[in-house]
Amino acid sequence: MLKKLLFPLLAAFILAGCASNNTTLNIQPKIQLPQQDPGLMGATISVNGADQRSDQALAKVNRDGQLATLTPSRDLRFLLQEVLEKQMTARGYMIGPNGAVDLQIVVNGLYADVTQGNVRYSITTKADISIIATAKNGNKQVKNYRQTYSVEGAFTATNAKITNAVNSTLSDVIADMAQDTSVNEFIKQNAR
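Cut-offs applied
Residues numbered from 1 in each chain as written. Predicted model: local features only at pLDDT ≥ 70, side-chain atom pairs only at ≥ 80, totals over all residues. Heavy atoms only, no water. Helix = DSSP H or I, 4+ residues; strand = E, 2+ residues; numbered from the N terminus. Buried < 20%, exposed > 50% of the residue type's maximum accessible area, 1.4 Å probe, protein only. Contact = heavy atoms within 4.5 Å. Core = buried A, V, L, I, M, F, W, Y, C linked by side-chain atoms within 4.5 Å. Pairing = 2+ DSSP bridges. Expected span 1.5 Å × (residues − 1). Polar contact = N/O pair within 3.5 Å; in protein donor to acceptor, adjacent residues only side chain to side chain. Phe/Tyr/Trp six-rings, centres within 6.5 Å; stacked < 30°, edge-to-face > 60°. Lys NZ or Arg CZ within 6 Å of the ring centre and 35° of its normal. Axes fitted to C-alpha atoms, helices over the stretch in contact; angles between N-to-C directions.

By the naming in an unreviewed UniProt entry, the protein chain is Lipoprotein, taken from Candidatus Pantoea communis.

## Observations regarding unusual backbone geometry
Leaving glycine aside, a negative phi is the common case for residues, and trans is the common case for peptide bonds. The backbone of D64 shows a phi angle near 55°, a positive value even though the residue is not glycine. Mapping D64 onto the fold places it in the loop between β3 (59-63) and β4 (66-72). Given a relative accessible area of 81%, D64 falls into the exposed group. Despite not being glycine, N98 shows a phi value in the positive range, around 55°.

## Focus on the environment of S122
Mapped onto the elements, S122 comes out in strand β7 (residues 120-135). On the accessibility criterion, S122 (18% relative accessible area) is buried. Taking C-alpha positions, S122 is 9.0 Å from A154, a pair spaced 32 residues apart along the chain. Those residues in contact with S122, other than ones at most four positions away along the chain, are D113, V114, T115, V151 and E152.

## So, the nonpolar core
Nonpolar side chains tend toward joint burial in soluble globular proteins. Counting residues in hydrophobic clusters, the biggest one holds 43 residues, and the most contacted among them are L103 and I162. Aside from chain neighbours lying at most four places away, what touches I162 is L25, A59, V61, R63, L70, A112, V114, I123 and A157.

## Brief notes about the sheet that holds β4
Strand order across the open sheet formed by three strands is β1-β4-β3, with mixed pairing between neighbours. In this open sheet, the two edge strands, each paired with only one partner strand, are β1 (24-25) and β3. Two strands pair when backbone bridges link them, and β3 and β4 are joined in this way by five bridges, in the antiparallel orientation. Opposite R63, over in β4, you have Q66 as the bridge partner.

## Side note on the pairing of β4
Both β1 and β4 contribute to a ladder of two bridges, which runs parallel. By the bridge assignment, T24 is partnered in β4 with T71. The turn joining β3 and β4, which pair antiparallel and follow one another in sequence, is formed by two residues; a positive phi near 55° is taken by D64.

## Observations regarding helix α2 (residues 76-91)
Its 16 residues give α2 an end-to-end C-alpha distance of 23 Å, which sits within 8% of 22 Å, the value for a rise of 1.5 Å per residue. Residues of α2 that are buried: L76, L79, L80, Q81, V83, L84, Q87, M88 and R91. Capping the start of α2, D75 holds a side-chain oxygen 3.1 Å from the backbone nitrogen of R77, two or three residues further along. Positive phi appears at G92, one or two residues downstream of α2, with a value of about 120°.

## Notes on the packing of aromatic side chains
Overall, the coordinates contain zero aromatic pairs when judged by the stated rule. Here K143 stacks its cationic end above the ring of Y145, 5.9 Å away from the centre of that ring.

## A look at the sheet that holds strand β2 (residues 44-51)
In spatial order, the strands read β5-β2-β6-β7-β8; together these five strands make up an open sheet with mixed pairing. The open sheet terminates on both sides in strands that have one partner only, identified here as β5 (94-95) and β8 (140-154). In the sheet, β2 pairs with strand β6 (residues 101-116) via seven bridges, with the strands oriented parallel. Each bridged residue has a counterpart across the sheet, and for V47 the counterpart in β6 is L103. The sheet strands contacting α2 are β2, β5, β6 and β7, and the helix crosses β2 at an angle near 155°.

Right, dumping it as structure tokens:
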């Protein structure tokens, strides 16, 4: 009888311990797509991603006297490469190798600075993303997108709150990319 009660109770404690030690943030920003450009004539571009951050952590948080390193659920360079491909396809480009213009989306920085005391927390998230456009004719353009997002609240900064801050910041960067036409204009001028 004691075994029947003890085993499920022990399993519940182990699972509860695992749940509180989760160090993965589920990064899923909102993807905003631009309007289609009717002036495009099926130009092909190539897209790739790079992560230039020196540390792959999204945040480092003090939890019960231990420093917890929080990392993204997905590789950020592939996530942002996918976003840029969707945006360029929505504009009317075809994505493939040997394009007239090569686009590289670079994660220069993405980090949530988390501070917490006994009754309050503060999260400040900064994103620094670049799109480097290189044409076959040798012309090059670098476009930077930067966003900062801050939130404060009571008690502790949970993974969900940190995830929301990172997703909000990335969503703002993606919206800026969708509204900006400078990369599109560079491709149109150099894709001949």
